[in-house]
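Each chain, written out:
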Amino acid sequence: MDRLKGKVALIAPNSYVANLALKVSKGFGDIIEIYEGNLEEGVKAAKRALTKGCKVIISRGGTALMIEEELDVTVVPISFTSNDLIKTISKIKLNDNVIGIIGYKNLIEEINEIENLLDYRIYFSEIRHHKEIEEKILELYKRFGVENFIGGEAVVKIAEELGLKGILMECGAGAIKRAISEGIRIAKIIVELNEERMQLRAIAEHSSDGIILLDEMDRIKYINPSAQRILMINYEDMLGENVLNYISSQKIIDAVKKKEQVIAEYDQIKNTKVIFNYVPLIENNNKIGSIISFNDISKIEELERKIRKEQYTRGFVAKYTFNDIIATSERMKNIIEMAKRISKNDTTILITGESGTGKELMAQSIHNESLRKHGPFIAVNCASLPKNLLESELFGYAEGAFTGAKKGGKPGLFELAHMGTIFLDEIADMPLDLQAHLLRVIQEKEVSRIGDDKVIPIDVRVIAATNKDLRKYVSEGKFREDLYYRLNVINIKMPPLRERKEDIPLLIKYFLSIYASKNKMAPKKVNEEAIKILKNYSWPGNIRELQNFIERLMLTVEKNVVDEKDVCEILDIDKECIYDPSSGAMEKYLESGINNIGEKMNKGILNRMEKEYILKILKEVNGNRKKAAEILGISTTTLWRRLKELNINY
C-alpha cells in the first residue's frame with residue numbers, strides 16, 4: 001500500500017468533519033491526507049494536495065462540485081445517509097414538523113424514505129452553486145412556510161441571517177468510511193493504470209521501431225523518438241495534427257485512408273527505407289484509433305550482422321555459398337542448378353560422394369540459398385563422437401540425467417539449430433538405436449532431452465551426407481530402411497574429381513591464388529605438361545587432396561613456374577604411371593626400349609601403378625588399413641591379400 005500513500009486527500013468543510021475523518025482514516029494507514037476548507041478554500045486545499053501527488057479528492061456538497069469543475073481530478077463525494085439525517089433531526093427540537101433541506105444533488109440520496117419514517121414534512125431544494133442558497137430558502141419559506149432549514153455551514157449562516165432557523169447537517173463515520181474506501185479503490189486503479197502507461201511508454205520510447213498512435217480522426221496522440229527521427233520533426237509540432245500532413249509515403253497514406261490493416265510492407269519515408277505496419281484499433285465495431293509502426297531497414301540489417309557475427313563466434317554459421325563451388329564442367333553445373341532449385345523448400349536432402357568431394361560445401365551453399373539463411377547452420381560428424389556422447393550432443397540432456405550432467409541440463413544441437421539447418425555428416429556411422437531416435441525427431445519435429453519427459457518443438461531442416469553405400473548398409477542391416485527413405489527424399493551425388501577433369505585447371509588456379517594470398521607469396525603458374533599429369537591423376541582424396549597438394553606445392557617449389565617433375569615429386573609418383581592414350585605416355589615407354597607390351601608387361605605396369613597407389617593411400621591415412629580399404633572401396637581382407645601379393649610392407 002506504500003505506493004498509494006498521499007494519493008487520496010479528504011477536504012473537510014469544517015473542523016467537525018475533519019476530526020471525524022482523522023479518526024476514520026487511521027484504519028487505512030498513511031494513505032489519506034486530510035485538509036480543511038469550504039468551497040473556495042476547499043478548492044485551494046485540493047490544489048495543494050495535487051501538487052503533492054494526490055490522485056483522488058474526497059469532499060462533500062458544494063466543495064466537491066467546485067473542485068470537480070475547476071480541477072482535473074477524480075472527486076468522490078461524501079453522500080449523507082438517512083441515518084445522518086435522522087441523527088441530525090433527533091438532536092434538535094422544532095416548533096413545527098416542516099423541514100427544508102438545501103443542498104447539492106450529492107447531499108442526500110434517501111430523503112423520500114426518511115419522510116415516511118419520521119413525522120416530518122420534508123422539502124428538498126437542489127442548488128448548483130452556493131449563490132443560489134438564499135433564493136432557495138426564501139422560495140421554500142414563501143411557498144410552504146418552511147422556517148427550519150438543514151444544510152451545510154453556508155445554509156445555516158444564510159438562514160439565520162434571514163431570521164430563520166439553520167441546522168448543520170452532520171455526516172456520520174459510516175459515510176466518511178464509505179467515501180474513503182471508494183477513494184482508495186479508485187486511486188489504486190489510477191496508480192495501476194499510470195504504471196502500465198509508464199511501462200508502455202518506456203517500451204515505446206526505447207523501441208527501435210517508429211511508433212505513431214492516432215485517434216479516430218487520424219490525429220496524432222503520441223509519437224515516439226524513433227518515429228520523430230525518421231520523420232525529422234519534433235513531438236510538439238505533430239501532436240494533435242493529422243498524420244497525413246507529415247507522411248510522404250504513398251503506401252502508408254493509402255493504408256490510413258482505407259483503414260485496412262497492412263503488415264510488413266516495404267516503403268520509403270523521406271531518405272529512410274522502412275518496413276511498416278498499419279493496424280486499426282476497433283472496439284464494439286467502432287474505430288477508436290490506429291497505430292502506425294515502421295522499422296528502419298538499415299537497423300534491421302545492422303541487427304542481422306550482429307546475429308551473424310555471434311553465430312560465427314559460436315561456429316553455428318554456414319560460410320560458403322554456391323559462388324564458392326568452383327566448376328566449369330557441365331555435370332557440376334547441372335548439380336549446382338538442381339541444388340539451387342531445391343534450396344528454397346524444406347525437404348530433407350542426402351548428399352553422397354567420396355571423401356573430399358565437397359559434401360559440406362554443398363550443404364552450406366544450400367543453407368545460404370534457402371529461406372533459413374539467417375538461422376543457424378550446425379554441422380555434426382556422426383563418426384567422430386562415441387555413441388553416448390553423440391546422443392547427448394544431438395538431443396541434449398536434463399539436469400541429473402547421468403553422472404556428471406551439467407547443472408540445469410544442456411540443449412542439444414537440434415534445439416540450437418531451431419529455424420536453421422543441421423548437417424549430419426557421415427550419417428552411415430550412426431548407431432542403430434540413435435537412428436531410431438533421429439527418425440522420430442525428423443518425423444515428429446520435436447525432441448526430448450535425455451532424462452526428461454518434456455517435449456520441445458523444433459523447426460529444423462536436415463541435410464545428411466555419407467561416403468558409404470547406404471543401400472548396401474540397409475541390406476546388411478547396418479542402417480534403418482525407414483530412415484534411409486526419410487533422408488533420401490532428394491539425393492545429390494557429388495562426383496569424384498577424376499570424373500570432372502575439366503574442372504581441375506580452374507581449381508588449381510583458384511587454390512594457387514588462395515595460398516599465394518594466405519602466405520603473402522607471388523602467385524605461381526603450372527605448365528601445360530604438369531596440368532596434363534594432374535588431370536590424369538586419379539585423385540583418391542578428391543578436391544581435399546588437390547587443395548592439400550597445391551598448398552604443399554606453394555611451400556616447397558621455389559620457382560615461379562611448376563613443371564611435371566615438381567608435380568611428380570610432390571605426388572610421389574612416376575610420370576609414366578599416369579597413363580592416357582592421348583598423353584603419349586605409352587609411346588615414351590616404347591622409345592625407352594620396352595618393346596614387348598604383351599600381357600605380362602601390361603600386368604607389370606598395372607601392378608606397379610596399383611602398388612604406388614596403395615602406398616600413397618596408406619601414407620595419407622598414416623598406415624590405418626581400415627581407412628585405406630574404405631578409400632580404395634575394398635574389404636580389409638582384400639587389402640591385406642594385395643599387400644602380400646605386391647610385397648608391400650607398411
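Residues numbered from 1 in each chain as written. Predicted model: local features only at pLDDT ≥ 70, side-chain atom pairs only at ≥ 80, totals over all residues. Heavy atoms only, no water.

## Topic: the confidence of the model for the chain
Averaged over all residues, the pLDDT of the chain is 83; the fraction at 70 or higher stands at 88%. This model gives residues 579-603 a pLDDT under 50, and the stretch forms 17 contacts once residues within four places in sequence are excluded. (pLDDT = per-residue confidence, 0-100. Contact = heavy atoms within 4.5 Å.)

## Some details on the pattern of salt bridges
For the coordinates displayed, the defined rule picks out 20 salt bridges. The salt bridge involving Asp 429 is made with Lys 468; its shortest N-O contact spans 3.7 Å. Of this pair, Asp 429 sits in the loop between β18 (421-425) and α17 (432-444) while Lys 468 sits in the loop between β21 (461-466) and α18 (470-475); the two residues are 39 residues apart in sequence, bridging distant segments of the chain. We classify Lys 468 as buried; its relative accessible area is 16%. Glu 545 is paired through a salt bridge with Lys 616; the nearest N and O atoms lie 2.2 Å apart. Here Glu 545 is found in helix α22 (residues 542-556), whereas its partner Lys 616 is found in helix α25 (residues 599-620), with 71 residues between them in sequence. Using a relative accessible area of 11% as the deciding quantity, one classes Lys 616 as buried. One network of salt bridges, in which partners are shared, links Asp 346, Arg 372 and Asp 459. (Salt bridge = Lys/Arg side-chain N within 4 Å of Asp/Glu carboxyl O. Helix = DSSP H or I, 4+ residues; strand = E, 2+ residues; numbered from the N terminus. Buried < 20%, exposed > 50% of the residue type's maximum accessible area, 1.4 Å probe, protein only.)

## With respect to helix α8 (residues 173-205)
Taking 1.5 Å of rise per residue, 33 residues should cover 48 Å, and α8 covers 46 Å from first to last C-alpha, within 8% of that figure. Among the residues of α8, Ala 175, Ile 176, Ala 179, Ile 180, Gly 183, Ile 184, Ile 186, Ala 187, Ile 190, Val 191 and Ala 204 are the ones counted as buried. (Expected span 1.5 Å × (residues − 1).)

## Focus on the pairing of β18
Across the five residues that make up β18, a large majority, five, are buried. Burial of β18 is two-sided: the residues Thr 421, Phe 423 and Asp 425 facing one way and the residues Ile 422 and Leu 424 facing the other way are all buried. Bridge count for strand β15 (residues 377-381) against β18 is five bridges, and the pairing is parallel. Paired with Val 380 across the strands is Leu 424, a residue of β18. Alignment of β18 against β21, held across four bridges, turns out to be parallel. Across the sheet, residue Phe 423 finds its bridge partner in β21, namely Ile 463. (Pairing = 2+ DSSP bridges.)

## A closer look at the layout of surface pockets
Approximately 400 Å³ is the volume found for the second largest pocket. For the second largest pocket, the lining is made up of 13 residues, of which Arg 197, Leu 200, Arg 201, Leu 213 and Tyr 222 are closest to its centre. Of all the elements in the fold, those that place two or more residues in the lining of the second largest pocket are α8, β9 (210-214), β10 (220-223) and β13 (286-296). At six residues, the largest contribution of residues to the lining of the second largest pocket is made by α8. Among the residues making up the lining of the second largest pocket, the classes are represented as eight nonpolar, one polar and four charged. (1 Å grid on protein atoms, 1.4 Å probe; cavity = no way out; pocket = protein on both sides within 12 Å on 5 of 7 lines; lining within 4 Å. Points joined across faces, edges and corners; volume = space filled by probe spheres on them. Nonpolar A, V, L, I, M, F, W, Y, C, P; charged D, E, K, R; others polar.)

## Overview of the side chain of Arg 461
Note on placement: Arg 461 falls in strand β21. There is no salt bridge for the buried Arg 461, and the closest opposite charge comes from Asp 346, which lies 4.7 Å off by N-O distance. Setting aside residues no more than four positions away along its own chain, Arg 461 makes contact with Ile 342, Ser 343, Asn 345, Asp 346, Thr 347, Ile 349, Ile 366, Ser 370, Arg 372, Gly 420, Thr 421 and Ile 422. (Lys, Arg positive; Asp, Glu negative; His and termini not counted.)

## Let's talk about the sheet that holds strand β2 (residues 32-36)
Here four strands make up an open sheet; going across it, the order is β2-β1-β3-β4 and the pairing parallel. Unpaired on one side and paired on the other, β2 and β4 (74-77) mark the two borders of the sheet. Adjacent strand axes in the sheet meet at a mean angle of 25 degrees when their direction is disregarded. Bridge analysis of strand β1 (residues 8-12) against strand β3 (residues 56-59) gives three bridges, and the strand direction is parallel. Directly across from Ala 9, in β3, lies its bridge partner Ile 57. Together, β1 and β2 form the strand contacts of helix α1 (residues 15-25), whose direction differs from that of β2 by roughly 170 degrees. (Axes fitted to C-alpha atoms, helices over the stretch in contact; angles between N-to-C directions.)

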